[in-house]
Amino acid sequence: MKSLPLPSLVHYELLLQLLERKTLAMTYEEPNLEKHVQQLIVTLRKARAQQKQLEAICTQTHIPVEYHWSLNSVDASIDSNNNPLSESPLNSNM
């Protein structure tokens, strides 16, 4: 099996830090808004935990994981697999 593409865990950390340090601090005067931001933080923490569980399953079943920083690398490999004549991202501006 090919590597399973997953987002880098850094993406979760960046979002969590932004929400906890900046967004949440701006909502202290609006309890309803603060509650929604806190729910979003909890949801992101759950998503990160679920991804870690998925990674553990992949490790146990010997499925390689490939971390991605953006969709560009995923899209390029999908395009090249589906259409060998498709332009690569590097050549599209030429």
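Everything numeric in this text was worked out from a predicted model, so none of it was measured. (Residues numbered from 1 in each chain as written. Predicted model: local features only at pLDDT ≥ 70, side-chain atom pairs only at ≥ 80, totals over all residues. Heavy atoms only, no water.)

(A) Quick look at the overall build of the protein. For the protein, the helix and strand inventory stands at three helices and two strands. Scanning the protein from its N terminus toward the C terminus, one meets helices and strands in the order β-α-α-β-α. Across the 94 residues that make up the protein, the buried fraction comes to 17%. Across the protein, contacts joining residues at least 24 apart in sequence account for 71% of those joining residues at least 6 apart. Of the roughly 7,500 Å² that the protein leaves accessible, carbon and sulfur atoms contribute 59%. (Helix = DSSP H or I, 4+ residues; strand = E, 2+ residues; numbered from the N terminus. Buried < 20%, exposed > 50% of the residue type's maximum accessible area, 1.4 Å probe, protein only. Contact = heavy atoms within 4.5 Å. Areas by Shrake-Rupley, 256 points an atom, 1.4 Å probe, with all protein chains shown as cover.)

(B) Region of interest: the nonpolar core. Of all hydrophobic cores here, the largest spans seven residues; its members are Y12, L16, L19, L24, V37, I41 and L44. Those elements that provide at least two residues to this core are α1 (9-23) and α2 (31-60). Those residues in contact with L44 that lie beyond four places of it in its chain are Y12, L15, L16 and L19. (Core = buried A, V, L, I, M, F, W, Y, C linked by side-chain atoms within 4.5 Å.)

(C) Fine view of unusual backbone geometry. The phi torsion at H62 lies on the positive side, around 60 degrees, for a residue other than glycine. Relative to the helices and strands, H62 resides in the loop between α2 and β2 (65-68).

(D) Seen up close, the environment of W69. Mapped onto the fold, W69 is located in the loop between β2 and α3 (71-82). For the pair W69 and P7, spaced 62 residues apart in sequence, the C-alpha to C-alpha distance is 6.3 Å.

(E) Quick peek at the packing of α1 against α2. Between α1 and α2, the shortest axis-to-axis distance is 10 Å and the interhelical angle comes to 165 degrees. By the angle between their directions, the pair α1 and α2 is classed as roughly antiparallel. Regarding α1 and α2, the two cross each other, and that crossing is left-handed. Judged by residue contacts, L9, Y12, E13, L15, L16, L19, E20 and T23 of α1 engage V37, L40, I41, L44, R45, A47, R48, Q51, K52 and E55 from α2. Residues of the contact of α1 with α2, tallied by class, amount to ten nonpolar, two polar and six charged. (Axes fitted to C-alpha atoms, helices over the stretch in contact; angles between N-to-C directions. Parallel < 35°, antiparallel > 145°, perpendicular 65-115°, else oblique. Left-handed = near helix turned anticlockwise from the far one by under 90°. Nonpolar A, V, L, I, M, F, W, Y, C, P; charged D, E, K, R; others polar.)

(F) Representation of the pattern of salt bridges within the structure. Summed over all chains, the structure comprises two salt bridges. A salt bridge links E13 to R48; the shortest N-O distance between them is 2.1 Å. Separated by 35 residues along the polypeptide, E13 in helix α1 and R48 in helix α2 bring together distant segments of the chain. Overall, E13 belongs to the partly exposed group, its relative accessible area being 32%. For R48, a relative accessible area of 15% translates into the label buried. As a salt-bridge pair, E20 and R45 come within 2.2 Å of each other at their nearest N and O atoms. Note that E20 is positioned in helix α1 and R45 in helix α2, a separation of 25 residues in sequence. Judged by relative accessible area, which is 37%, R45 ranks as partly exposed. (Salt bridge = Lys/Arg side-chain N within 4 Å of Asp/Glu carboxyl O.)

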